[in-house]
Structures are given as C-alpha cells and as structure tokens.
2 protein chains.
Amino acid sequence: MQGKPLRIASVNVNGIRAAYRRGMEQWLEQRDVDILCLQEVRAPDDVVRSLLGQDRHIHHAEAEARGRAGVLIASRQEPTTLRTGVGDSYFDTAGRWVEADFDHHGTSLTVVSAYVHSGEVGTPKQDDKYRFLDALGARLAQLRERGGYAVVTGDLNVGHTTRDIRNWKSNVKKAGFLPEERAYFDRYLSDESGFVDVARSLAGDVDGPYTWWSWRGKAFDNDTGWRIDYQLATTDLAARAVSADVDRATGWDTRFSDHAPLVVDYQI
Amino acid sequence: MQGKPLRIASVNVNGIRAAYRRGMEQWLEQRDVDILCLQEVRAPDDVVRSLLGQDRHIHHAEAEARGRAGVLIASRQEPTTLRTGVGDSYFDTAGRWVEADFDHHGTSLTVVSAYVHSGEVGTPKQDDKYRFLDALGARLAQLRERGGYAVVTGDLNVGHTTRDIRNWKSNVKKAGFLPEERAYFDRYLSDESGFVDVARSLAGDVDGPYTWWSWRGKAFDNDTGWRIDYQLATTDLAARAVSADVDRATGWDTRFSDHAPLVVDYQI
DNA sequence: CATGGTAAG
DNA sequence: CTTATCATG
C-alpha cells in the first residue's frame, strides 16, 4: 500500500500581503500543501512569518532592495539543510533562489524556489537575466551530479514552446519568449540535463496550461496567458509525479495573484 | 438694491484627481463659486483642465517636482493680470503662489491662492517655511501699498491662536503651531498690516471652525482639527464679507479631501 | 492614513 | 493594471 503523495506547490504571489488580502490564506488551508514555494514575496521577514503562521518551517531570502523579489520555502517537515543563492555571487542578495534539503523516508529530496526576473530587451536587465539563466543551468548540473531527488520550482519567466504562450507570434521579440531564452530551456530539459518539465510531461502536447495572465484588460477571462511557472524535476522524481494542477479560476475561485499556483503530487 | 455677493472659495484638494474621485465635482456644481482657489492640485496642467472643464479661466502654477504642491485660481470672469510666485525667486518653481487681478464693477480686486508647506522642526524644511512666511509678509505689505481690494486665500499651514487647534497643548512644539510661526500671523493680522482673518472675524472668539483633520483614526468624526486655511482680506474688503463657511461634513456630506473648503461671500 | 510618482512586473 | 516603496503631508 502506497502512502499519501508529497504535495509541492509553487506560486508567484506578487506581494504576499496583497495575496493574503485577496484570499490566499483560504487557498492554503484547503490545498493541504506539504512544501510551499513562493516567489515575489515582497515583504520583510517578520511580516511574512506573521502571515504564514507558526506551523511551518520557513526559509526566506529577502532581496536587498526592500519590497522587491523575495523567495521562500515553507514546509511542515523540518529541512536538514538550507542554502541561499543560485551559485553566482552577483545574485546573492537578489532574493531569487533558495534551496532546502529534506530526508523523505530515507531518500534525499532537494527543493528549490526560484524567481527569474522578467527581463527587458535592449536593457541591462536582459543581460542580467541571461547571467541568471547561465547560473541556473550550472546549478541544475550540480544537482544532477549530486544524486537524489531534486526539483526546481518557481517563476522562471520564460515560455519554452509555442504551446506555452497563447499569442506566441506577437511575442517572439519580447522578453520571456526570445529564441535565446527558449534555447536555455531546450538545454535544461534535454536528456543529458536529466530534468523534466513535470506539468508539460503530465499534460502532454496541448496549449497551456498557463500560469500567468496580465492584470490588463480581459487577459485572465480570455485565458490569454503564459506558462512561465515550472516544476523541473530530476527524471526519477518526475516519473513519480502523479498529478500537476494549475489552480486557476475554475475550481479555485479566488485569484490572489497574477500567477496561479502550480501544485504537483509526487508518489515517493 | 445690492447685487449678488462675490463668492470666493479656497480648498486644499490634496490631489485634484483623488478629490474628483471622491465627489468634488458635485460640491463645485452645487456651490456656485465665482472664484475658486485650489492648493495641492498635484496633477499636470492638461489633467487639471480636463477635470475643471472649459467654462472657467484657469491660472495654474505647477511645481517643478511632478505630483507635488500646485496652486490655481479658476474664475468665470476673465482676470486682467496674472502673476506667479510670492516674490522670492527661490520659490518660483514651487507651485505655491498665484495671483489674479480682476476688475469688479470698476474696482480692482487681487486674489491669491497660496500654499505654505507644512514644515518639520529641526529640518531644512522648517527654514524654508520661515523663508516663505517672510516672503508672504513682504507681499502682504506690497498688496496693501498697492491699494484696492486684495485677499490671500489658501492653506497657510499655521494655526494662529489656541482657538485654532483642538489639542493645542500637545502641539506647541510641532510645526504648524510653533510660537515663532504664530508670531508671523500676529504681524500679518496687525492693524499696521491692514489684513483681516475673515473667517475668525465673522465667527468671533470661538473654537474653530477647523479646516483640516488628519486622515488617521477618528480625527474627522471627533472634529479634532486645525484651522490652517484662511482668507486674509484687506480691511476694506473684509468689512464687506457677509459670510464665511467651512464646508465640512455637516451639510456637505462628501469629504473629498483632508481639508474642507472655506467659502466666503463678499458684498462688493 | 492618504496623495502621486516611481520601478518593476 | 497591480505591487511595494518613497517623500510629503
């Protein structure tokens, strides 16, 4: 008989205070998440802890610039090891990468909450984005070499294929769907890399499911979205994923962020 | 038989866009104001004109810093002369002082819309406030010398006497009720100055009526206010003031700013 | 406690 | 179109 699967949820909350005002707490109560990975927390540590409460272990990396970025991992189980930073010290105070190791019934599981900035073509931000994506790729290789289960969750701010963006044709020259950015994901998800895009793997060759919609106009109502939030799991862990749900309006009627949660159950 | 009195209204709108959102337009439609003096307009000129409409002559001085300060005079009658600035060139781009001259049935009337900054004890802002109050005093003397009716309206950000601030004892060391600031008003309103505080003159020796209440707590409901908005009229004009009303909640149920309008009718 | 601007998304 | 910060009030 198999145990209850491990539920890992990732969501860019776009300001945890605003998300709580919009009903995030109810979502969290109902969804029974084991390991919660948040991006764009955008709040000081004391505020974050008072909102999330006492019953989770919280590993939170704030950005140096107040009110910007910020990632965290909140888990009922206590992690064995915590790390901050993607490996390139340039991003050490950016609030964009945290890792937690867990001992799950004797097997090692590393969980990452990652936030790649959106970038902007023709500005230094885009150079910084490529530098971060370089570091991300290098860290994936290290995690694979290290062995054990690993999953990189978060807002990676790139749509991989034409299935991942509703109006992909009008976005081929925009940050988030540039050929150069998409090529990073080809490499991240190659056989040699050893990582699998869990939501795509389970959904198959379909449009979406999208995880982000602009606040502007009727983008959300029309499902004019982007799939830019991921769970990239090592091959062995991905093989044990039994479901990957994007909690958008249908079934979860509160939209507490411009991103929807990506909730994956792993039978390990 | 006497004609209809001239109605001059002054109000710090604390952002004309927000004031319009909160119902300022309805107040303006109902109050039948001849000369409207606004402070803290805090919007670009084109936005101001689109809100106030086409049926008034608008003399608007923006601050150099966008979204800060800004004063204007809007009148149905066309002014004969417009001036900007209190006389000290240090404040020329501060958006704090505009003047308009009118020919009223053959007599000359100068109207000023003035905005004194709030100041802060122990900072350069307080020195700037005294510098502005110096210039204001000098300009009053010039207006008196010049002859004709004159009235300086606006948010002068100082309470003159203990009647003018609800909790004056707790504010004797705070900007807005410092002895040094109040002494300026003693001079402005001395016999030699030739100017009269119209609202005080008509209300008599009573507490208030206040014109500003903090947004915090229940200051407005409890009428914990300050009387810091004035119409300072030359003696001859003040003698012709027939009413001075502060349009706070009672009777005017929309609070469209943290300041209430001061509406004076002059029988000239 | 509210304003508008700003950078970022 | 929304987030949070900022300076200002």
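All values reported here derive from a predicted model rather than from experimental measurement. Here the residue numbering is sequential within each chain, running from 1 through the sequence in written order. Here the convention is simple: chains get letters from A, ligands get numbers from 1, in the order in which they are written. In view of the model being predicted, local features appear only for residues whose pLDDT reaches at least 70, and side-chain atom pairs are presented and counted only at 80 or more, with totals across whole chains, interfaces and linings using the full set of residues. Note: side-chain values were computed over all heavy atoms of the structure, leaving out hydrogens and water.

Peer 1: Explanation requested: empty space enclosed by the protein in the structure shown.
Peer 2: If a probe the size of a water molecule is rolled over the atoms, the empty space left behind becomes visible. Definitions used throughout: a 1 Å grid over protein atoms alone; a cavity as a set of points that fits a 1.4 Å probe which cannot get out; a pocket as an open set with protein on both sides within 12 Å along at least five of seven lines; a lining residue as one with an atom within 4 Å of a point. Grid points are joined across faces, edges and corners, and a volume is the space filled by probe spheres set on the points. Under the counting rule described, the total for this entry stands at 2 cavities of 30 Å³ or more. Computed from the structure, the largest cavity encloses a volume of approximately 90 Å³. Split by residue class, the lining of the largest cavity holds 8 nonpolar, 3 polar and 3 charged. Approximately 60 Å³ is the volume found for the second largest cavity. Each residue receives one of three labels: charged for Asp, Glu, Lys and Arg, nonpolar for Ala, Val, Leu, Ile, Met, Phe, Trp, Tyr, Cys and Pro, and polar for the others, Gly being one of them. Within the lining of the second largest cavity, the residues separate by chemical class into 6 nonpolar, 3 polar and 3 charged.

Peer 1: Explain the protein's contact with DNA strand D here, please?
Peer 2: For this purpose, a residue is taken to be near a molecule or strand whenever a single non-hydrogen atom of the residue falls within 4 Å of it. In the vicinity of DNA strand D, 20 residues are found, and the nearest of them are A:Arg17, A:Arg22, A:Arg42, A:Arg66 and B:Tyr115. In DNA strand D, the atoms that sit within 4 Å of the protein are 86% sugar and phosphate, with bases accounting for the remainder. We call two N or O atoms a polar contact when they sit within 3.5 Å, provided that within protein one can donate a hydrogen and the other can accept it, with sequence-adjacent residues counted only if both atoms are side-chain atoms. One of the backbone nitrogen or oxygen atoms of A:Ala18 is found 3.2 Å away from a phosphate oxygen of DNA strand D. In this structure, a phosphate oxygen belonging to DNA strand D sits 3.3 Å away from a side-chain N or O atom of A:Arg21. Secondary structure counts use DSSP, requiring at least four H or I residues in a row for a helix and at least two E residues in a row for a strand, with both numbered from the N terminus. Among the elements that line the surface near DNA strand D, the one with the most residues is helix H1 (residues 16–21) of chain A, at 3 residues.

Peer 1: Mind showing me how you'd approach the UniProt feature "site: Interaction with DNA substrate" (unreviewed entry) in chain A here?
Peer 2: All names here are of chain A. UniProt positions are given in the numbering used here, feature names are shortened, and annotations may be inferred rather than shown by experiment. Under the local residue numbering, the UniProt record ascribes the feature "site: Interaction with DNA substrate" (unreviewed entry) to His 259. You can see His 259 is positioned in the loop between strand S13 (241–246) and strand S14 (262–266). Type-normalised accessible area, obtained with a 1.4 Å probe on protein chains alone, sets the label of each residue: buried when under 20%, exposed when over 50%, and partly exposed for intermediate values. Among the residues examined, His 259 registers a relative accessible area of 6% and is labelled buried. Leave out the neighbours within four places in its chain, and His 259 touches Val 11, Asn 12, Asp 155, Thr 211, Trp 212, Ile 228 and Asp 229. At 2.8 Å, the side chain of His 259 and the side chain of Asp 229 are in polar contact. In this description, contact between two residues means that some pair of their heavy atoms is separated by no more than 4.5 Å.

Peer 1: Any chance you could explain the sheet that holds strand S14 (residues 262–266) of chain B here in plain terms?
Peer 2: What holds strands together in a sheet is hydrogen bonding between their backbones, with the strands either parallel or antiparallel. Residue and element names in this part refer to chain B. Following DSSP output, two strands are said to pair if at least two bridges run between them. The 6 strands are arranged S3-S4-S2-S1-S14-S13 in an open sheet whose pairing can be described as mixed. Of all strands in the sheet, those bounded by a partner on one side alone are strand S3 (57–61) and strand S13 (241–246). Averaged over neighbouring strand pairs, the angle between their axes works out to 10 degrees when direction is ignored. By the bridge criterion, 5 bridges tie strand S1 (residues 6–12) to strand S2 (residues 35–39) in an arrangement that is parallel. For Ala 9, the partnering residue across the bridge sits in S2 and is Leu 36. Each of S2, S3 and strand S4 (71–75) touches helix H3 (residues 45–52); the most contacted strand, S3, lies at about 150 degrees to it. Axis lines are fitted through C-alpha atoms, for helices just across the contact stretch, and the angle between N-to-C directions can take any value from 0 to 180 degrees.

Peer 1: Mind showing me how you'd approach the protein's contact with DNA strand C here?
Peer 2: For DNA strand C, the set of nearby residues contains 19 residues, the closest of which are A:Tyr115, B:Ala18, B:Arg21, B:Arg42 and B:Arg66. Taking B:Ala18, its main chain carries an N or O atom lying 3.2 Å from a phosphate oxygen of DNA strand C. A distance of 3.2 Å is found between a phosphate oxygen of DNA strand C and a side-chain nitrogen or oxygen belonging to B:Arg21. Examining the composition of the surface near DNA strand C, we find that 3 residues originate from one element, helix H1 (residues 16–21) of chain B, more than from any other. Class assignment for the residues of the surface near DNA strand C results in 3 nonpolar, 6 polar and 10 charged.

Peer 1: Please explain the UniProt feature "site: Important for catalytic activity" (unreviewed entry) in chain A as it appears in this structure.
Peer 2: All names here are of chain A. UniProt annotation of "site: Important for catalytic activity" (unreviewed entry) refers to Asp 229 when read in the numbering used here. For Asp 229, the residues in contact, after removing those within four places along its chain, are Asn 12, Gln 39, Gly 154, Asp 155, Thr 211, Trp 212, His 259 and Leu 262. Looking at Asp 229, its side chain comes within polar contact range of the side chain of Thr 211, at 2.6 Å.

Peer 1: Please clarify how the side chain of A:Ser257 should be interpreted in this entry.
Peer 2: Within the secondary structure layout, A:Ser257 lies in the loop between S13 and S14. Residues within four places of A:Ser257 in sequence aside, it is in contact with A:Asn12, A:Val13, A:Asn14 and A:Trp215.

Peer 1: Just to check I follow, could you spell out the nonpolar core for this structure?
Peer 2: For soluble globular proteins, nonpolar side chains are generally found buried alongside one another. By size, the foremost hydrophobic cluster in this structure holds 32 residues, and its most contacted members are A:Ile8, A:Ile35, A:Ile73, A:Leu109, A:Val111 and A:Tyr266. The term nonpolar core refers to a set of buried residues drawn from Ala, Val, Leu, Ile, Met, Phe, Trp, Tyr and Cys, joined through side-chain atoms within 4.5 Å. Residues B:Ile35, B:Ala69, B:Trp213 and B:Phe220 belong to the second largest nonpolar core, which totals 31 residues.

Peer 1: Which parts of the structure should I look at to understand the packing of helix H4 (residues 124–146) of chain B against helix H5 (residues 179–188) of chain B?
Peer 2: The relative placement of two packed helices is expressed as an angle between their axes plus a distance between the axes. Residue and element names in this part refer to chain B. Following both chains from N to C, one finds H4 and H5 inclined at 5 degrees, their axes separated by 11 Å at the closest point. For the element pair H4 / H5, the angle class is roughly parallel. Contacts between H4 and H5 involve Gln 126, Lys 129, Tyr 130, Leu 133, Asp 134, Leu 136, Gly 137 and Leu 140 on the former and, on the latter, Glu 180, Glu 181, Tyr 184, Phe 185 and Tyr 188. Each residue belonging to the contact of H4 with H5 can be placed in one class, and the counts come to 7 nonpolar, 2 polar and 4 charged. Any angle that falls under 35 degrees is termed roughly parallel, while one over 145 is termed roughly antiparallel, one within 65 to 115 roughly perpendicular, and all others oblique.

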